[in-house]
Amino acid sequence: MAMSSLVIKARVRANPLLTWRALRFRNICSGGFGVATSESDPANPPVAGTKFLESFKEEFEVGSRVISLETGKIARFANGAVVLGMGETKVLSTIAAGKGDAVRDFLPLTVDYQEKQFAQGVIPNTFMRREGAPKERELLCGRLIDRPIRPLFPAGFYHEIQVMASVLSSDGEQDPDVMAANATSAALMLSDVPWDGPIGVVRIGRICGQFIVNPTMDELNLSDLNLVYACTRDKTLMIDVQAREISEKDLEAGLRLAHPEAVKYLEPQIRLAVRAGKQKKEYTLSMVSEQTFEKVRNHAEAPIEAVFTDPSYGKVVRKRIIAEGYRVDGRHLDEVRPIYCEAGHLPILHGSALFNRGDTQVLCTVTLGAREDAQRLDSLVGPPTKRFMLHYSFPPFCINEVGKRAGLNRREVGHGTLAEKALLSVLPPEDDFPYTVRINSEVMASDGSTSMATVCGGSMALMNAGIPLREHVAGVSVGLVTDVDPATGEIRDYRILTDILGLEDHLGDMDFKIAGTRNGVTAIQLDIKPAGIPLDIICECLEPARKGRLQILDHMEQEISVPRTQVYRNSPRLVTLKFSNEAIRRFIGPLGSLKRKIEEETGARISIGDGTITIAAKNQTMMERVQDKVDFMIGREIEVGGIYKGIVTSIKEYGAFVEFNGGQQGLLHISELSHEPVSRVSDVVSVGQQISLMCIGQDVRGNIKLSRKATLPQPESEKKSVVEGSAPVSKEEPNIWGALENVSNGEQQKSTLEELRLSKNENTASNPSASSPPAVVIRSAAECDEEEKSAGLSKASKSAPIRLFTLKRDKKLKIVQSSNDKPDSTLIGLFSKSSSRIEREKKLFSKDDDEGENNLNNLNDQETDVKTRMTPQKLKLGTKVTAKIYQIRARGLVLDLGGGIRGMYRFEPNGEKDFNIGDELQVQCSSFTSKGVPVMSLVDEE
């Protein structure tokens, strides 16, 4: 036995691991040691033991939400680990501390927040089917955790600390960012890292004036306030706000509500740390000794004070601010630096602006895109896309340094998101402005508050791009310098600084960024350096910030106060066209081949939506090329007065037929070929020739009437005669032939366009060429009602744009916006003419069977009361009117219903046919024809 033990000891010296195996012991299993069973002992096979995981849990309630803190079950090797749960959303936060004592002059704190798709039961939609680099939202959530915990580490603590927060599961009800911040605070309390916590972080919303604590994602969508507030028991650490122009008074009320709600998170963390926390470790602090500090002060205090009190250096120190209340750059504490604004700095772009405040300079540009250009978000909560983006860039040259650009920068992402939130609340709704907007903010020089300069420059650039903002948005940074009692840590005196410099940000205690309009605050971000600032001081800063913001808004509104309307020809273009789904399918082609071909040939970008085609082109020339191709393939909305390119398909004695606008046919009459008399059509045009034409109307049979001479310059002889001998021509407003909806079968009926010609008066008789083709407006009764609701019964001016309609191959009419792209309400105005205008109009109705044309002009009784005249809105099924016989035909009558509306009455078999033109009849609307003409029937007189 002694010999065998000697052999074992000798083998142990060679390999200590053999000791356990030789003595039939296992190494480590399930947290303890056990006796191993020899392989030759089948009677006692090894059996896995049961591991007991001791866990600790605290539950409490904040804002009607039950919250749990749990530790000990998972991530047991981490220095501190806590799982915070709210509903079915659970977030894990872990703490790890570096082992070495490297010499540093800063705190290397790293916060990593990650949202993996397994948390919502989804496989990532990437090529590798796994998560990639941190997304923008993950960087922002990491900053949200970092900002309140960093000030609470002790001075001189420069050891490496890493925080990792991961979402384990998400029910989509709560945003995990605030939960991760509270879980991190609890994990730091459990760890052996020295930290002066805990902290509480809470989110406040407001719906219909009522504040909500810990709102759900659905409630946040309805809220006009998204306030994230972090604090210790008696001091504020961080504020982050996105709002819809909330007043300073309401904002202060929200802050004072948030503080006691956030404090509710503190006691559960303390109780959990007492039960499961580690003893705080003694770490080496990198502190400057008092003797060294005194030596440095004696040698450097006088020269530094001489430099910092020289106004030519533009810098300031704390003692001068506290004692004298002045800043060395010549400003008072509440004074804003000199401002320079320039809208349209780069006129070729969609929008641009240059903004200077002091030495801080920012160049902002705006780029518009189609709805499909929106950013796709792959986050656990929130919307799937984002149509407004602001990208902030801080290049090294702006502070005269050498550096390199690589990847996303947390600071750039944070500053850009703050400015984005500030501007988001004043953008028009997506239904009114269905475009994607991207702002690029390039910092050209930095001396403090570049994020707030981005807000100002971005607001001006948006207006320069023609985007209808509700209000201008400006931002300003407010700083704080305090005099603290070293014995108690209490603030003895303080000064609030408006529009801080870069040095004031570096030497001060607070950077309080506040952005908003004249009506209220839209965004806030508060970062502090000491271990908290009293909430009363924070609220006191709101009023100086408002006054400074108003000063900046004055300068911005002097430069540009309304959206720009002038568009440069070489600037990028963005147009949205509306078509039927069938037409869009023809345009796309098999597997999108036709759409891609146009993009390759023109260089434009084409996006397809539900019934829309959006074209983005670099300039007007490219846009015209794309639109020509779209017109040739599927056509576009036909406008009277619109110019189109067509190809002559056949020639007749009386004119030529032209194919244009995606295969539609039109008649080019011989009289519309040229200003000069034409004897033969073939002398002017030939089959296959491409010509430019103007649509001048449509006859009652649906033929589109085209004119070539309307696109040609007027002969000099006619111009001279007009100038020397002709009286000025008084233009007459056209009447309207209304296309009405057939309510009886519920289908939208086809409409017909009638040619409207004004009678020749003495002026036009002397100069026939001086008259211009009349405008034609057609719409259904339902469209009239909808227009009346949206636009109101406003009068129309002569220069107002006119809404016109699309004539497709099936001859259905569709309403579109006129070419100047401005909304208008001229249809109602055209229906509502003054009585004097009606009295001056002469109405004619003639028929030429040889030519096959029916020319309708409105015929109204001059004695008819304008207020009671018939309009397409009033004419419904069953409507009774007094009509006049306008024309007698073989099978019926053409009736004048008033207001320029014609109806028809069919003779009954063996019925009375003894009628005279001008007779009045009592009739009612019984139906509509396929072209929208009302069919009337006689009303039996008792």
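Everything quoted here is computed from the prediction, not taken from an experiment.

K.L.:
Quick question: what am I supposed to make of the overall build of the protein chain here?
P.N.:
A tally of helices and strands in the protein chain yields 22 helices and 38 strands. For the protein chain, with 942 residues in total, the buried portion stands at 47%. Taking contacts inside the protein chain between residues at least 6 apart in sequence as the whole, the part at least 24 apart equals 67%. Just so you have it, the protein chain exposes about 47700 Å², and 52% of that area is on carbon and sulfur atoms.

K.L.:
What should I look at first to understand the sheet that holds strand β25 (residues 643-652) in this one?
P.N.:
Read around the barrel, five strands follow the order β25-β26-β27-β29-β28 and close on themselves; strand pairing throughout is mixed. Strand-to-strand twist in this sheet, taken as the mean axis angle between neighbours without regard to direction, amounts to 55°. Bridge analysis of strand β26 (residues 655-660) against strand β27 (residues 664-669) gives six bridges, and the strand direction is antiparallel. In the strand pairing of β27, Val658 is matched with Gly666.

K.L.:
Mind showing me how you'd approach the pairing of strand β12 (residues 351-357) here?
P.N.:
In the case of a regular strand, side chains alternate between the two sheet surfaces. Judged by how many residues are buried, β12 sits mostly within the fold: seven of seven residues are covered. Of the two faces of β12, the one carrying Gly351, Ala353, Phe355 and Arg357 and the one carrying Ser352, Leu354 and Asn356 are both buried. As defined by bridge partners, strand β11 (residues 339-343) adjoins β12 across five bridges and the pair is classed as antiparallel. Directly across from Ala343, in β12, lies its bridge partner Ala353. When β12 meets strand β13 (residues 360-369), the two strands line up antiparallel, connected through seven bridges. Along β13, the bridge assignment pairs Ser352 with Thr365. Where β12 folds back on β13, the antiparallel hairpin that results is connected by two residues, among which Gly358 adopts a positive phi of roughly 65°.

K.L.:
So what exactly am I meant to see when it comes to the environment of Glu659 here?
P.N.:
Mapped onto the elements of the fold, Glu659 is located in strand β26. The residues contacting Glu659, other than those within four sequence positions of it, are Gly646, Ile647, Thr649, Gln664 and Gln665.

K.L.:
Please clarify how a negative patch on the surface should be interpreted in this entry.
P.N.:
A surface patch of like charges, here negative, comprises Glu88, Asp171, Glu173 and Asp218. Residue placement: Asp171 occurs in the loop between β6 (161-169) and α4 (176-190). Residue class for Asp171 comes out partly exposed when judged on its relative accessible area of 32%.

K.L.:
Please clarify how the state of the cysteines should be interpreted in this entry.
P.N.:
Where two cysteines share a covalent bond between their sulfur atoms, that bond is called a disulfide. Considering all chains together, one arrives at zero disulfides under this definition. You can see Cys456 has no disulfide; the closest cysteine sulfur is in Cys341, sitting 7.5 Å from it. A relative accessible area of 0% places Cys456 in the buried class.

K.L.:
How do you make sense of the nonpolar core when you look at a structure like this?
P.N.:
One recurring pattern in soluble globular proteins: nonpolar side chains tend to sit buried together. With 133 residues, the main nonpolar core has Ile467 and Phe512 as its most contacted residues. Residue contributions to this core peak at ten residues, all from α4. Three or more residues apiece are contributed to this core by two domains, here domain 1 (56-276) and domain 2 (339-559).

K.L.:
Just to check I follow, could you spell out the sheet that holds strand β22 (residues 573-578) for this structure?
P.N.:
The strands making up a sheet associate through hydrogen bonds between their backbones, and the pairing can be parallel or antiparallel. The strand order across the open sheet built from three strands is β22-β24-β23, with neighbouring strands paired in antiparallel fashion. This sheet does not close on itself; its edge strands, each paired only once, are β22 and β23 (605-608). Within the sheet, the average angular offset between the axes of one strand and its neighbour, ignoring direction, is 15°. Inspection of the sheet shows β22 paired to strand β24 (residues 612-617) by six bridges, in the antiparallel sense. Its bridge partner lying in β24, Thr576 is registered against Thr614. In the packing of helix α15 (residues 581-588) onto the sheet, the strands contacted are β23 and β24, and the crossing angle to β23 comes to about 140°.

K.L.:
What's the story with the confidence of the model for the protein chain in this structure? I'm lost.
P.N.:
Close reading of the predicted structure is inappropriate where its pLDDT is low. Predicted confidence across the protein chain gives a mean pLDDT of 77, with 75% of residues reaching 70 or more. Within the model, the stretch residues 1-39 combines pLDDT values under 50 with 25 contacts to residues more than four positions away or in other chains. In the predicted structure, residues 721-868 sits below a pLDDT of 50 and forms 291 contacts with residues beyond four places in sequence or in another chain.

K.L.:
Can you walk me through the environment of Phe77 in this structure?
P.N.:
Looking at the element boundaries, Phe77 is found in the loop between β2 (65-71) and β3 (80-86). The spatial distance from the C-alpha of Phe77 to the C-alpha of Ala96 is 9.3 Å, given a sequence separation of 19 residues.

K.L.:
What is the right way to read α4 from this model?
P.N.:
Because an α-helix completes one turn every 3.6 residues, residues spaced three or four positions apart along the sequence face the same direction. In this model α4 runs 21 Å from its N-terminal to its C-terminal C-alpha over 15 residues, within 8% of the 21 Å that 1.5 Å per residue would give. For α4, the tally of buried residues reaches 15 of 15 residues, placing the bulk of the element in the interior.

K.L.:
For this particular structure, what's the right way to read the pattern of salt bridges?
P.N.:
Using the criterion set out here, one finds 43 salt bridges in the structure. Asp240 is the salt-bridge partner of Lys421, the closest N and O atoms lying 2.6 Å from each other. With a gap of 181 residues between them, Lys421 in helix α10 (residues 410-424) and Asp240 in strand β10 (residues 236-246) connect regions that are remote in the sequence. Both residues of the pair, Lys421 and Asp240, count as buried. Residues Arg331 and Asp499 are paired through a salt bridge, measuring 3.6 Å at the closest nitrogen-oxygen approach. Taken as a pair, Arg331 in the loop between α9 (318-324) and β11 and Asp499 in the loop between β19 (491-498) and α12 (502-507) lie far apart in primary sequence, 168 residues in all. You can call Arg331 buried: its relative accessible area is 4%. Residue classification places Asp499 among the buried positions, given a relative accessible area of 0%. Salt bridges sharing partners connect three or more residues here, namely Arg147, Asp240, Lys421 and Asp527.

K.L.:
Would you take a moment to explain the packing of aromatic side chains for this structure?
P.N.:
Aromatic rings in a pair are described by how distant their centres are and how their planes are angled relative to each other. Tallied over the entire structure, the rule returns eight aromatic pairs. Pairing Tyr905 with Phe915 gives two aromatic rings, centres 6.4 Å apart and planes at 75°, and the pair type is edge-to-face. Separated by ten residues along the polypeptide, Tyr905 in strand β36 (residues 901-906) and Phe915 in the loop between β36 and β37 (920-928) bring together distant segments of the chain. Neither Tyr905 nor Phe915 differs from the other in exposure class; each is buried. Here a set of aromatic residues connected by ring pairs shows up, and it is made of Phe153, Phe157 and Tyr283. The ring of Phe394 has Arg411 sitting right over it, with the charged end atom 4.3 Å from the ring centre. The positively charged end of Arg902 is found above the aromatic ring belonging to Tyr886, 4.6 Å away from the centroid.

K.L.:
Just checking my understanding: could you explain helix α16 (residues 593-602) for this structure?
P.N.:
The complete set of buried residues in α16 reads Lys595, Ile598 and Thr602. Considered in projection along α16, the buried side chains sweep an arc of 65° and stay on one side of the axis. Buried residues belonging to α16 abut α15, β23 and α17 (620-634). Following α16 by one or two positions, Gly603 adopts a phi angle in the positive range, close to 85°.

K.L.:
Even after reading the chapter, I still don't get the packing of α15 against α17, so can you show me in this structure?
P.N.:
For any two helices packed against each other, the geometry comes down to the angle between their axes and how far apart the axes lie. The interhelical angle for the contact between α15 and α17, taken along N-to-C directions, is 115°, at an axis separation of 10 Å. Accordingly, the angle class assigned to the pair α15 and α17 is roughly perpendicular. Considering only the axes of α15 and α17, their crossing is right-handed. Contacts between α15 and α17 involve Ala583, Arg586 and Phe587 on the former and, on the latter, Val630, Met633 and Ile634.

K.L.:
Would you explain the side chain of His472 in this entry?
P.N.:
Position of His472 among the secondary structure elements: in the loop between α11 (450-464) and β18 (474-484). At 2.6 Å, the side chain of His472 forms a polar contact with the side chain of Ser459. A polar contact is formed between the side chain of His472 and the backbone oxygen of Ile560, at a distance of 2.7 Å. Residues contacting His472, with those up to four places away along its chain left out, are Ser459, Met460, Met463, Gly516, Thr517, Leu553, Met556, Glu557 and Ile560.

K.L.:
Please clarify how the packing of α15 against α16 should be interpreted in this entry.
P.N.:
Where α15 meets α16, the closest approach of the two axes is 5 Å, and the angle between their N-to-C directions is 65°. Seen from α15, the contacting residues are Arg586, Phe587 and Ile588; seen from α16, they are Ser593, Leu594, Lys595 and Ile598. Across the contact of α15 with α16, the residue classes tally to four nonpolar, one polar and two charged.

K.L.:
I'm lost on unusual backbone geometry in this one. Help?
P.N.:
One can expect most non-glycine residues to show negative phi and most peptide bonds to be in trans. In this model, Gly197 is joined to Pro198 through a cis peptide bond whose omega is 5°. Mapping Pro198 onto the fold places it in the loop between α4 and β7 (200-207). Positive phi outside glycine occurs at Ser64, with the angle close to 65°. Tracing the sequence through the fold places Ser64 in the loop between β1 (56-62) and β2.

Calculation criteria
Residues numbered from 1 in each chain as written. Predicted model: local features only at pLDDT ≥ 70, side-chain atom pairs only at ≥ 80, totals over all residues. Heavy atoms only, no water. Helix = DSSP H or I, 4+ residues; strand = E, 2+ residues; numbered from the N terminus. Buried < 20%, exposed > 50% of the residue type's maximum accessible area, 1.4 Å probe, protein only. Contact = heavy atoms within 4.5 Å. Areas by Shrake-Rupley, 256 points an atom, 1.4 Å probe, with all protein chains shown as cover. Pairing = 2+ DSSP bridges. Axes fitted to C-alpha atoms, helices over the stretch in contact; angles between N-to-C directions. Patch = residues over 30% accessible without salt bridge, like charges linked within 9 Å, V, L, I, M, F, W, Y side chains within 5 Å. Salt bridge = Lys/Arg side-chain N within 4 Å of Asp/Glu carboxyl O. Lys, Arg positive; Asp, Glu negative; His and termini not counted. Charge placed at Lys NZ, Arg CZ, Asp CG, Glu CD. Disulfide = S-S within 2.5 Å. Core = buried A, V, L, I, M, F, W, Y, C linked by side-chain atoms within 4.5 Å. Domains from an automatic or database assignment. pLDDT = per-residue confidence, 0-100. Expected span 1.5 Å × (residues − 1). Phe/Tyr/Trp six-rings, centres within 6.5 Å; stacked < 30°, edge-to-face > 60°. Lys NZ or Arg CZ within 6 Å of the ring centre and 35° of its normal. Arc of directions from axis to C-beta. Parallel < 35°, antiparallel > 145°, perpendicular 65-115°, else oblique. Left-handed = near helix turned anticlockwise from the far one by under 90°. Polar contact = N/O pair within 3.5 Å; in protein donor to acceptor, adjacent residues only side chain to side chain. Nonpolar A, V, L, I, M, F, W, Y, C, P; charged D, E, K, R; others polar.

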